[in-house]
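One letter stands for each residue in the lines below.
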Amino acid sequence: MADLIESTVARRVWDSRGIPTVEVEITTTGGARGRGIAPAGASTGRREAVELRDGGPTLSGKDVRRAVGLVQTHVAPALVGREVADLAGIDRVLGALDSLDPEPDRPRLGGNTTTATSLAALHAAAASRGIPAWKLLDPEPLRLPRPQIQIIGGGAHAAHRTTVQDFMVVPVSATSIEEALVHVAEIYRAVGDVLAARGPRRGVADEGGHWPEVSGTEDALDVLMAGIERTGLVPGVDIGISLDIAATQFYQHGLYVPDDGVAISTSQWIAQLVRICRDYPVITLEDPAGEDDTIGMRLAVAGTDPGTLVVGDDYLVTDAERIARAAEDEAVDAALIKVNQIGTVTAAANAVRSAREHGLAVIVSARSGETEDVSVAHLATGWGADFVKVGSITRGERTAKWNELIRIDAELGGMPLAPVPRRRPR
Ligand code: PGA
Ligand code: ZN
């Protein structure tokens, strides 16, 4: 018998930056319950789904009472009585309610509202069948995504202490999630020791990585390399480096303005990054160019070795069509997937499909503003992602996801990690 949506309830909860966000809970006539919480970015692309925030003086305008109200007045009545198993249908309703051309008295729901609702529906549909969400997406996954974990935070996540936003490691020789996390935890501690030996430590950045006291990008990379070597693991053999440049943040009027404040051209900037990718074992390079700089992205793909994948985040915004075009342009090798960039689980699944159809690698990612919601672990597993990126290995909103992957691994009886992809010959 069909299990129907009975109620859709929203409330204001809090994210890891102390900013309000939307939680939605869906219950069904069969007694199933699913919950989703919207995350929030700090370095957002201009084409991302726009969040609905209240504005005004309180909470820096970031309150979400309107979004919570809209779930009650518009979303709940539209979803009641629908089959919870019909996730695509539910997401179509959310998309229509959030349409670009709203009636005068119907405000847009915002990507935060649709994301929380869509995730809640996913978990309710899984609960309705008595299975976890990953299993709803893929009953028999053959592998778990390989973790990409932040060790040092910079850019918009550490008051622009470094130009580069994210210095991450990927345990490439690890064969299980358990082993991968042990390697990363050792490196996290060792890098902390290296930084402590240089002077006072400044705590952690937004995603739990060390807040660096460094003179620039290459100094941060040297600290990271020193930390890796201290553990006895071999950079380039056991451990790869992943960088999220988040270049949109310092791309102004067609020029790049990095740490030193000196504006340089696209080709000069990409040449610097290509050199860094040769000097250090960089296996993924995310958003090396600004969100509108196709030439910069193409130069990065053309200039780096096949062992360095160029990843699109702000450049792709989890949009199936942008992904297809970027693949044809040879502007990316991999797509970063964030549900709240595009607003629903179905639209993000379409982005994953588009990436696969075009031979791109897939990285499923959390945001810098997160909560205890663990959906990303289920999506990355169920979509067969190559990598999963949720920040560092400290702070509860991050470990919630790593710990969920450990549970998924246990439930599956111990899974291999996805092989490390390389650029396909074109
Ligand atoms: P954000 O950063 O969530 O602050 O946008 C994450 C990323 O750029 O990958
Ligand atoms: Zn990014």
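Structural data are supplied above this passage.
The structure contained in this document is the topic of the report that follows. (Residues numbered from 1 in each chain as written. Chains lettered and ligands numbered in written order. Predicted model: local features only at pLDDT ≥ 70, side-chain atom pairs only at ≥ 80, totals over all residues. Heavy atoms only, no water.)

Observations concerning the coordination of the zinc ion (ligand 2)
Coordination sphere of the zinc ion (ligand 2), protein contribution only: Asp 244 (OD), Glu 286 (OE) and Asp 313 (OD), at 2.1 to 2.2 Å. Mapped onto the polypeptide sequence, the residues donating to the zinc ion (ligand 2) form the spacing pattern D-x41-E-x26-D. Within this pair, whereas Glu 286 is found in strand β9 (residues 282-286), its partner Asp 313 is found in the loop between β10 (309-312) and α9 (320-328), the two being separated by 27 residues in sequence. (Donors = N, O, S within 2.8 Å, 3.2 Å for Na, K, Ca; no water. Helix = DSSP H or I, 4+ residues; strand = E, 2+ residues; numbered from the N terminus.)

Thoughts on the pattern of salt bridges
One pass over the full model with this rule turns up 31 salt bridges. Here Arg 11 and Glu 23 are joined by a salt bridge, their closest N and O atoms 2.6 Å apart. Taken as a pair, Arg 11 in strand β1 (residues 5-14) and Glu 23 in strand β2 (residues 20-28) lie far apart in primary sequence, twelve residues in all. Under the relative-accessibility criterion, Glu 23 is labelled buried at 5%. Residue Asp 86 is joined to Arg 82 by a salt bridge in which the shortest nitrogen-to-oxygen separation is 3.7 Å. Sharing partners across several salt bridges, the network here consists of Arg 11, Glu 23, Glu 25, Arg 33 and Arg 35. (Salt bridge = Lys/Arg side-chain N within 4 Å of Asp/Glu carboxyl O. Buried < 20%, exposed > 50% of the residue type's maximum accessible area, 1.4 Å probe, protein only.)

A closer look at the sheet that holds strand β11 (residues 334-337)
Taken in spatial order, the eight strands of this closed barrel run β4-β5-β6-β9-β10-β11-β12-β13, and their pairing is mixed. Geometrically, the sheet is characterised by an average inter-axis angle of 30 degrees between neighbouring strands, direction not taken into account. Alignment of strand β5 (residues 166-171) against strand β6 (residues 239-244), held across six bridges, turns out to be antiparallel. Residue pairing for β6: Asp 166 is matched across the bridge by Asp 244. (Pairing = 2+ DSSP bridges. Axes fitted to C-alpha atoms, helices over the stretch in contact; angles between N-to-C directions.)

Here's the deal with the sheet that holds β2
In spatial order, the strands read β1-β2-β3; together these three strands make up an open sheet with antiparallel pairing. Taken across any chain shown, the strands that pair with only one partner, and hence form the sheet edges, are β1 and β3 (33-37). If you compare each strand with its neighbour and ignore which way they point, the axes differ by 20 degrees on average. Two elements, β1 and β2, share nine bridges in a ladder whose sense is antiparallel. Residue pairing in the sheet places Val 9 in a bridge with Glu 25 of β2. Sheet contacts for helix α1 (residues 65-79): β1 and β2; angle to β1, the most-contacted strand, approximately 170 degrees. Strands in contact with helix α3 (residues 111-128) are β1, β2 and β3; relative to β3, the strand with the most contacts, it is inclined by about 150 degrees. (Contact = heavy atoms within 4.5 Å.)

Thoughts on the nonpolar core
The biggest cluster of nonpolar side chains holds 115 residues, and the ones touching the most others in it are Leu 243, Ile 337 and Trp 383. In terms of residue count, helix α5 (residues 177-198) provides more of this core than any other element does, ten residues in total. Shared between two domains, this core takes at least three residues from each, and those domains are domain 1 (5-130) and domain 2 (146-411). The residues contacting Ile 337, other than those within four sequence positions of it, are Thr 318, Ile 323, Ala 348, Ala 351, Val 352, Val 362, Ile 363, Val 364, Ser 365 and Trp 383. Within the second largest apolar cluster, nine residues are counted, among which are Val 170, Leu 309, Val 311 and Ala 361. (Core = buried A, V, L, I, M, F, W, Y, C linked by side-chain atoms within 4.5 Å. Domains from an automatic or database assignment.)

What is shown is where atoms sit, not what they do.
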